[in-house]
Amino acid sequence: MASINRIEGNENGEEGIKVAIRMRPLNTKETKAARVWRVLQKYNSITQTTNEGKPLPERVTGRTFFTFDKTFGEKSTTREVYNDIAQGIVESVVNGLNGTIFAYGQTSSGKTHTMQGCGTIEDGQGTGGGVVHMAARDIFSLINNDPDRVFLLRVSFIEIYNEEVRDLLVSGNDKVLKIREDSTRGVFVDATENIVTDFQSLLSTLFAGEKHRAFASTGMNERSSRSHTIFRITVESRRRKQNDANSDDDASIPSDDEDDDEDEGDGAVRVSTLNLVDLAGSESVRHTGATGDRLKEGAKINQSLLSLSRVIAALGSPSRTHINFRDSKLTRILQPSLSGNARMAIICCATPSEMYLEETRSTLQFASRAKLVKTRATINEVLDERSMIKKLQRELAAAKRAAEGEVDMTQLKELESEAARAENIAKKVQEKYEKLKASILKGGMFHGTMLSKNRKRLSSKRTPAKVSTPEFLSPSMREMDRKRRRQSDGILRQCNTVYSPLLDVTNRSDALATFTPTIDRKNDNT
């Protein structure tokens, strides 16, 4: 099997995490407290105020004033939040891109209400639902409106309780799931996956899984989530074949008719996932009054949220180095999304109450760091061997058609400039080579001249009668002559070793120069 990733988005495929703030109304416990945070929805900003609701004398960006992609006031509805933040990501998932949607904030800030529409997913269905209901409804609506593709949906539901991963779709199963990783699937949890065929079957799976989730009562919330949950929808799709409408049994059998290749595509299967993450809220013991098991649960929740915050900060840092996703189970499971291959949105929920001033500030600062993170989502396509061959054949045919009558002038100019550069490099190398060679030969000629002068000098000092076979070099000079000749030969060999590969550039230049006029003639004919 072969996997192909195609980048979608702007020029380099990057986009930032979409960050939104939802400010909930004051609850019954907060009615006596003042509002110290105000949503400036027109400017997508949030500012801190005095207890009387007046602006602070000094505005400090990142501490008392924040700006985000979208802000929602106390009267906003979940439908508004979904339409502005989540709907585009859900549509991308159906088209083959991965997506992840977070709900983040302190305990009792409205995260579960945003994701589920009410205290439970089942109750939320009657109020119009939360992000989960709306996303599921839109997925099936988009599938019904796309008759050209065949879809298969699988869902899984897990929770992270006290840093242990559990499967919520298996009743009475306390087995801890392990996080695994391989080269094909990446990081994954081998959880139960149910195939769903419509909106009701998907909700039934959610209802069954939620009954096994850990809840408890605290001093801030009567039904407080004690675990993080990840509801994952896996969407697989391929281009519908002509015989799909006639027989479902033959849907997986590829057609042998080559004339249908253009209509049926290359047989690629798109595989994408949508992660709907409902995080447990950060807790302060002075507000929750937790003891015993509740205290231990709160410590584990805060620990994993701190790890998430550190990972987000590291991803958004311009000088990021090592990012430790293994600090918590939450960041480890979401590593594929956090590391870039997904479109992401974070809905940060907060309260304007003075009672939780610093908790809300901490949430807003986390959201500001998340804005700096860039992702690079790609369309994930899987091809089997036969589909890969078909795809390559189509690309080869397209290349042949382009070669017959179409010439890319940009490519031609690039070839011409490359040929000119190669020719200049070849000339410079040749010049250096000739200079070095001449220098070495000149040194040898100088040595020969000296030997000749020495011979004449010695010959003039001897009488002709005594010199039958004149020895005009002494033993020491003979040894010096042999030594210098060996040195010259060694330098020449080194010269050839160093410069011979560079001289091959001349051949490359000649080949490009030969190829360029051919393109020119084709261009003239066309």
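The preceding data block contains the structure.
This write-up is about the structure you can find in this document. Quick caveat: nothing in here was measured; it's all calculated off a predicted structure.

Cut-offs used in this document
- Residues numbered from 1 in each chain as written.
- Predicted model: local features only at pLDDT ≥ 70, side-chain atom pairs only at ≥ 80, totals over all residues.
- Heavy atoms only, no water.
- Helix = DSSP H or I, 4+ residues; strand = E, 2+ residues; numbered from the N terminus.
- Buried < 20%, exposed > 50% of the residue type's maximum accessible area, 1.4 Å probe, protein only.
- Contact = heavy atoms within 4.5 Å.
- Areas by Shrake-Rupley, 256 points an atom, 1.4 Å probe, with all protein chains shown as cover.
- Pairing = 2+ DSSP bridges.
- Axes fitted to C-alpha atoms, helices over the stretch in contact; angles between N-to-C directions.
- Salt bridge = Lys/Arg side-chain N within 4 Å of Asp/Glu carboxyl O.
- Core = buried A, V, L, I, M, F, W, Y, C linked by side-chain atoms within 4.5 Å.

Concerning the overall build of the protein chain
Part 1 of the argument: When helices and strands are counted, the protein chain shows 14 helices and 20 strands.
Part 2 of the argument: Within the span of the protein chain, comprising 526 residues, buried residues form 43% of the whole.
Part 3 of the argument: Considering only residue pairs separated by 6 or more positions, the protein chain has 75% of its internal contacts joining residues 24 or more positions apart.
Part 4 of the argument: For the protein chain, the accessible surface area stands at approximately 29000 Å², while carbon and sulfur atoms represent 49% of it.

Details of the sheet that holds strand 5 (residues 45–48)
Part 1 of the argument: Taken in spatial order, the three strands line up as 4-5-6 in an open sheet, and their pairing is antiparallel. The open sheet terminates on both sides in strands that have one partner only, identified here as strand 4 (37–40) and strand 6 (65–67). Sheet twist, expressed as the mean angle between neighbouring strand axes with direction ignored, is 15°.
Part 2 of the argument: Here strand 4 runs beside strand 5; their pairing, made up of four bridges, is antiparallel. Bridged to Leu40 within strand 5 is Ser45.

Focus on the pattern of salt bridges
Part 1 of the argument: For the structure shown, the criterion picks out 12 salt bridges.
Part 2 of the argument: A salt bridge links Lys70 to Asp84; its shortest N-O distance comes to 4.0 Å. Of this pair, Lys70 sits in strand 7 (residues 70–72) while Asp84 sits in helix 1 (residues 78–94); the two residues are 14 residues apart in sequence, bridging distant segments of the chain.
Part 3 of the argument: A relative accessible area of 27% places Lys70 in the partly exposed class.
Part 4 of the argument: Between Glu193 and Arg154 there is a salt bridge, and its shortest N-O distance comes to 2.4 Å. Note that Glu193 is positioned in the loop between strand 12 (186–189) and strand 13 (194–196) and Arg154 in strand 9 (residues 149–161), a separation of 39 residues in sequence.
Part 5 of the argument: Residue classification places Glu193 among the partly exposed positions, given a relative accessible area of 36%.
Part 6 of the argument: Look at the salt bridges and you will find they share partners, linking Arg154, Glu193 and Glu236 into a network.

A closer look at the environment of Met23
Part 1 of the argument: By secondary structure assignment, the location of Met23 is in strand 3 (residues 18–23).
Part 2 of the argument: The spatial distance from the C-alpha of Met23 to the C-alpha of Gly73 is 5.3 Å, given a sequence separation of 50 residues.
Part 3 of the argument: Those residues in contact with Met23 that lie beyond four places of it in its chain are Trp37, Val39, Ile46, Phe72, Gly73, Glu74, Ala350, Thr351 and Pro352.

Some thoughts on the nonpolar core
Part 1 of the argument: Among the nonpolar cores identified, the biggest contains 44 residues, and Phe102, Tyr104, Leu279, Leu308, Leu338 and Ile346 are the most heavily contacted of them.
Part 2 of the argument: For this core, the secondary-structure elements that each account for two or more residues are strand 3, strand 4, strand 8 (99–104), strand 9, helix 8 (292–316), helix 9 (329–333), strand 18 (343–350) and helix 11 (357–370).
Part 3 of the argument: Of all the elements, helix 8 adds the most residues to this core, at six residues.
Part 4 of the argument: Here Phe102 is in contact with Val277, Leu279, Leu308, Leu334, Leu338, Met344, Ala345, Ile346 and Ile347, once residues within four sequence places are set aside.
Part 5 of the argument: With 41 residues, the next largest nonpolar core counts Phe72, Ala103, Val131 and Ile139 among its residues.

Regarding unusual backbone geometry
Part 1 of the argument: One non-glycine residue, Ser108, lies in positive phi territory at about 70°.
Part 2 of the argument: Mapping Ser108 onto the fold places it in the loop between strand 8 and helix 2 (111–116).
Part 3 of the argument: We classify Ser108 as buried; its relative accessible area is 18%.
Part 4 of the argument: Not every positive phi belongs to a glycine, and Asn162 is a case in point at roughly 50°.
Part 5 of the argument: Relative to the assigned elements, Asn162 resides in the loop between strand 9 and strand 10 (164–167).
Part 6 of the argument: On the accessibility criterion, Asn162 (18% relative accessible area) is buried.

Structural notes on the side chain of Thr47
Part 1 of the argument: Along the chain, Thr47 falls in strand 5.
Part 2 of the argument: Once residues within four sequence positions are removed from consideration, Thr47 is found in contact with Val36, Trp37, Arg38, Leu40, Thr64 and Phe65.

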